[in-house]
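Report on the structure
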2 protein chains.
Amino acid sequence: MVFSVFSDAYYMKEALKEAEKAFELDEVPVGAIVVVDNYIIARSHNLTERLMDVTAHAEMQVITAAANHIGGKYLTDCTLFVTVEPCLMCATAMHWAQLGKLVYGAQDPKKGFSNYGDKILHPQTEVVQGFKHKECAELMARFFKGKRD
Amino acid sequence: MVFSVFSDAYYMKEALKEAEKAFELDEVPVGAIVVVDNYIIARSHNLTERLMDVTAHAEMQVITAAANHIGGKYLTDCTLFVTVEPCLMCATAMHWAQLGKLVYGAQDPKKGFSNYGDKILHPQTEVVQGFKHKECAELMARFFKGKRD
């Protein structure tokens with residue numbers, strides 16, 4: 001089996017590593033990375049509890065970090081990998097950033113942006129949904145099961 | 001005429017002062033403040049160009065700043081004044097923060113959250129729309145007129 005480090009599977013695994021870091025911090029385990037020209041230019045995980053800030057979703061942090069890296073606010077050449085479907089806040093930030101491509105894992109039937117129609121993201125943003133969704137959803141299920149026990 | 005410094009008009013004037021600062025920086029002129037118990041605990045203006053960051057809307061900054069001030073991520077006792085109707089990103093951040101009250105000025109028929117139904121904000125959030133909308137819209141019109149000239 002040929003394995004390229006430049007595959008979507010590789011990058012989603014990196015996003016999952018970030019999600020695991022959130023899990024360890026008792027944060028809802030969502031991780032995200034931004035890739036441009038095969039380089040990871042931003043990586044983070046949900047920190048809303050640690051920072052006591054509802055805006056500290058993984059996606060928001062990597063959008064800001066990627067823009068800093070690039071030196072411009074538009075992420076048209078970037079791909080953002082995130083382990084869970086973005087909420088409306090994060091999807092709208094991706095719209096403003098004119099994100100090139102979004103790859104996300106587990107669906108979020110309650111708060112995911114796709115509940116609000118197909119006009120939330122920028123029309124130029126390519127979307128891959130449900131990528132590695134089992135691994136991504138399993139981590140979320142494990143987190144919330146721990147909360148219920 | 002009796003004038004209370006604790007009126008919505010007073011606070012919106014402070015938000016407009018912030019919007020004027022954005023105007024001076026050649027940023028889309030939106031200003032926001034957060035008030036709790038009659039105290040302004042956060043104030044800022046749009047800085048998306050200056051920070052090269054699409055997430056640097058006035059509202060996002062004051063939500064983060066207010067949470068820092070309070071020491072908690074929920075803004076249930078807070079009122080957020082903003083000169084222009086929030087976009088979906090900012091309105092969803094307000095939802096996550098369970099904002100107590102939102103007072104906004106000019107409508108945004110293109111990007112305002114109210115274009116997406118009445119379920120975007122938290123159900124507990126009281127909303128006052130169109131407050132001092134003439135002054136708020138005038139500043140926006142002046143800004144964009146300058147861009148077209």
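All values derive from a computational prediction rather than experimental measurement. (Residues numbered from 1 in each chain as written. Chains lettered and ligands numbered in written order. Predicted model: local features only at pLDDT ≥ 70, side-chain atom pairs only at ≥ 80, totals over all residues. Heavy atoms only, no water.)

This part covers the overall build of chain A. Within chain A, the regular secondary structure consists of 4 helices and 5 strands. The helix and strand sequence of chain A, counted from the amino end, reads α-β-β-α-β-α-β-β-α. Seen through its principal axes, chain A has C-alpha atoms that stretch 45 × 40 × 30 Å. Per-residue burial for chain A yields a buried fraction of 52% across its 149 residues. Considering only contacts in chain A between residues 6 or more positions apart, those separated by 24 or more positions represent 58%. Carbon and sulfur atoms make up 54% of the accessible area of chain A, which amounts to about 7,300 Å² in all. The average position of the 16 basic charges and that of the 19 acidic charges among the side chains of chain A differ by 3 Å. (Helix = DSSP H or I, 4+ residues; strand = E, 2+ residues; numbered from the N terminus. Buried < 20%, exposed > 50% of the residue type's maximum accessible area, 1.4 Å probe, protein only. Contact = heavy atoms within 4.5 Å. Areas by Shrake-Rupley, 256 points an atom, 1.4 Å probe, with all protein chains shown as cover. Lys, Arg positive; Asp, Glu negative; His and termini not counted. Charge placed at Lys NZ, Arg CZ, Asp CG, Glu CD.)

Time to look at the sheet that holds strand 4 (residues 101-106) of chain B. Residues and elements named next belong to chain B. Sheet architecture is open: 5 strands sit in the order 2-1-3-4-5, paired in mixed fashion. This sheet does not close on itself; its edge strands, each paired only once, are strand 2 (39-45) and strand 5 (126-128). The mean inter-strand angle of the sheet, taken between neighbouring strand axes irrespective of direction, is 15°. When strand 1 (residues 31-36) meets strand 3 (residues 79-84), the two strands line up antiparallel, connected through 4 bridges. If you follow I33 over to strand 3, its bridge partner there is F81. Relative to strand 2, helix 1 (residues 8-24) is tilted by about 30°, and along the sheet it contacts strand 1, strand 2, strand 3 and strand 4. (Pairing = 2+ DSSP bridges. Axes fitted to C-alpha atoms, helices over the stretch in contact; angles between N-to-C directions.)

What follows is about the packing of aromatic side chains. Tallied over the entire structure, the rule returns 10 aromatic pairs over all chains. Between A:Y104 and A:F113, the aromatic rings sit 6.0 Å apart at their centres with planes inclined by 75°, giving edge-to-face as the arrangement. Both residues of the pair, A:Y104 and A:F113, count as buried. Relative to B:F143, the ring of B:F23 has its centre 5.9 Å away and its plane inclined at 70°; by these criteria the two rings are edge-to-face. Of this pair, B:F23 sits in helix 1 while B:F143 sits in helix 4 (residues 133-148), and the two are 120 residues apart along the sequence. Three or more aromatic residues link up through ring pairs in this structure, and these residues are A:Y10, A:Y11 and A:F81. Cation over ring: A:R142 sits above A:F23, and NZ or CZ is 4.8 Å from the ring centre. Between the NZ or CZ atom of B:K111 and the centre of the ring of A:W96, over which it lies, the distance is 5.2 Å. (Phe/Tyr/Trp six-rings, centres within 6.5 Å; stacked < 30°, edge-to-face > 60°. Lys NZ or Arg CZ within 6 Å of the ring centre and 35° of its normal.)

This part takes up the relation of the copies chain A and chain B. Expressed as a screw operation, the relation of chain A to chain B combines 0.0 Å of axial shift with a rotation of 180°, fitting to an RMSD of 0.0 Å. Such a combination of turn and shift is consistent with a two-fold rotation axis. For chain A, the residue whose C-alpha comes nearest the rotation axis is A:M89, separated from it by 1.9 Å. Taken as a fraction of all interface residues of chain A, those also at the interface in chain B reach 100%, which identifies the copy contact as same-surface. (Least-squares fit on C-alpha atoms with pLDDT ≥ 70 in both.)

We now examine unusual backbone geometry. Residues and elements named next belong to chain B. Unlike most non-glycine residues, N38 shows phi in positive territory, near 70°. Along the polypeptide, N38 turns up in the loop between strand 1 and strand 2. Notably, Q98 is not glycine yet its phi reads approximately 50°, a positive angle. The residue Q98 is located in the loop between helix 3 (88-96) and strand 4 in this model. Judged by its relative accessible area of 29%, Q98 falls in the partly exposed class.

Residues and elements named next belong to chain A. What the 5 strands build is an open sheet, ordered 2-1-3-4-5; its pairing is mixed. At either margin of the open sheet sits one strand with a lone partner, and together these are strand 2 (39-45) and strand 5 (126-128). Across this sheet, the average inter-strand angle for adjacent strands is 15°, counted without regard to direction. Across 5 bridges, strand 3 (residues 79-84) lies against strand 4 (residues 101-106) in parallel orientation. Bridge pairing links V84 to A106 in strand 4. Strands strand 1 (31-36), strand 2, strand 3 and strand 4 of the sheet are contacted by helix 1 (residues 8-24), whose axis makes an angle of about 30° with strand 2.

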